[in-house]
Amino acid sequence: MAVLFEVKDLVKSYGSKRVLNIESLELHGGRTTAVIGPSGAGKSTLLMILNGLEAATSGNVLYAGKSIWKSKSDMAVRRELAMVFQKPVVFNSSVYDNAAYGLRLRGQSKQSTEKQVAEMLELVGLREQQKQRAATLSGGEAQRLALARAMIYKPRVLFLDEPTTNLDPANVAMIEKLLDYFKSEYSTTIVIVTHNMHQAKRLADDAVFMLEGGIIEKGEAARMFENPAEVKTRDFIAGVMIY
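No experiment lies behind these values; they were computed from the predicted model shown.

Engineer: I would appreciate a short explanation of the overall build of the protein in the present structure.
Structural biologist: Secondary structure assignment for the protein yields nine helices and ten strands. Each of the three principal axes of the protein carries a C-alpha extent, and together these read 55 × 40 × 35 Å. Expressed as a percentage of the 243 residues in the protein, the buried residues total 49%. Within the protein, residue pairs in contact and separated by at least 24 positions form 67% of the contacts whose partners lie at least 6 positions apart. Carbon and sulfur atoms make up 50% of the accessible area of the protein, which amounts to about 12000 Å² in all.

Right, dumping it as structure tokens:
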């Protein structure tokens with residue numbers, strides 16, 4: 001398992017408030033990592049820094065062995081990453097145009113775009129709605145469209161921040177099935193922040209437990225959920241309130 005992301009001495013502060021303090025963290029390519037922990041643990045902030053959407057206060061983030069987010073040349077890295085947020089983000093245009101957005105930015109031909117959009121919309125169950133305004137979709141449909149738009153150019157890494165919160169069980173199952181498909185078919189590295197322990201158990205190869213901006217425990221998900229090494233990890237997984 002090759003290390004794809006490596007975090008070293010990462011600190012993120014907002015004024016005098018330190019929200020992240022991570023000495024080291026490695027994320028392996030081609031695997032799904034679940035980042036778990038209570039609200040305010042710093043999970044989403046870590047995701048945003050890895051994706052280059054937030055700047056670290058200090059420390060270093062390495063991607064494929066190279067330090068990133070310190071120069072304009074890192075735009076090439078950004079094109080290999082995609083992110084889906086908790087609240088579905090859709091543009092005020094058709095379902096088709098939403099799905100095609102990334103390909104058009106990359107200068108893809110019309111013929112190739114049409115083919116790839118048709119395949120992706122079929123995959124996420126939105127082929128029949130391709131002419132529909134995206135703003136009229138249900139919450140689950142909109143999140144599947146956001147996932148389609150993120151994955152249509154086959155990014156190397158997909159970040160997800162609570163992607164199934166408030167969705168009905170059918171849409172949760174569909175999205176989880178899609179994530180497994182993308183990992184197996186495209187070798188996509190997936191990093192998902194989730195409060196849903198059942199979802200983390202279903203999806204994750206690896207897990208990271210965060211608390212108060214730091215990492216309490218990390219490792220293979222099956223081992224962590226079945227036999228956590230740290231008391232705080234065990235309490236959190238068991239549903240005990242921790243602070």
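Engineer: Can you help me understand the pairing of strand E6 (residues 81-84) in this one?
Structural biologist: Here E6 shows no split at all, with Leu 81 and Met 83 on one side and Ala 82 and Val 84 on the other all buried. In terms of strand pairing, E6 meets strand E7 (residues 157-161) through four bridges, oriented parallel. What sits directly across from Ala 82, in E7, is Leu 158.

Engineer: Whenever I open this one, the nonpolar core confuses me. Can you help?
Structural biologist: Soluble globular proteins tend to bury their nonpolar side chains together. Core analysis: the largest hydrophobic core is formed by 46 residues, its most contacted members being Leu 147, Leu 158 and Leu 179. Among the elements that line this core, the one with the most residues is helix H5 (residues 139-151), at seven residues. Among residues more than four places away in sequence, those in contact with Leu 179 are Leu 147, Leu 158, Leu 160, Ile 190, Ile 192 and Leu 203. Within the second largest apolar cluster, 26 residues are counted, among which are Leu 4, Leu 25, Leu 27 and Val 157.

Engineer: I would appreciate a short explanation of the packing of aromatic side chains in the present structure.
Structural biologist: For any pair of aromatic rings, the description consists of the separation of the ring centres together with the inter-plane angle of the planes. Applying the stated criterion across every chain, the model contains seven aromatic pairs. Ring geometry for Phe 91 against Tyr 101: centres 4.7 Å apart, planes inclined by 55°, an arrangement best described as tilted. With Phe 91 in the loop between E6 and helix H3 (95-105) and Tyr 101 in helix H3, this residue pair connects regions lying ten residues apart in the sequence. Taking the relative accessible area as the measure of exposure, Tyr 101 reaches 39% and is therefore partly exposed. Ring pairs connect the aromatic residues Phe 5, Tyr 63 and Phe 159, which therefore count as one cluster.

Engineer: Looking at this structure, how should I read helix H1 (residues 43-50)?
Structural biologist: Given 3.6 residues to a turn, an α-helix orients residues that are three or four positions apart in the same direction. Counting buried positions along H1 gives six out of eight residues, so the element sits mostly inside the fold. Among the residues of H1, Lys 43, Thr 45, Leu 46, Leu 47, Ile 49 and Leu 50 are the ones counted as buried. Taken from the residues just after H1, Gly 52 is the one with a positive phi, measuring 80°.

About the cut-offs
Residues numbered from 1 in each chain as written. Predicted model: local features only at pLDDT ≥ 70, side-chain atom pairs only at ≥ 80, totals over all residues. Heavy atoms only, no water. Helix = DSSP H or I, 4+ residues; strand = E, 2+ residues; numbered from the N terminus. Buried < 20%, exposed > 50% of the residue type's maximum accessible area, 1.4 Å probe, protein only. Contact = heavy atoms within 4.5 Å. Areas by Shrake-Rupley, 256 points an atom, 1.4 Å probe, with all protein chains shown as cover. Pairing = 2+ DSSP bridges. Core = buried A, V, L, I, M, F, W, Y, C linked by side-chain atoms within 4.5 Å. Phe/Tyr/Trp six-rings, centres within 6.5 Å; stacked < 30°, edge-to-face > 60°.

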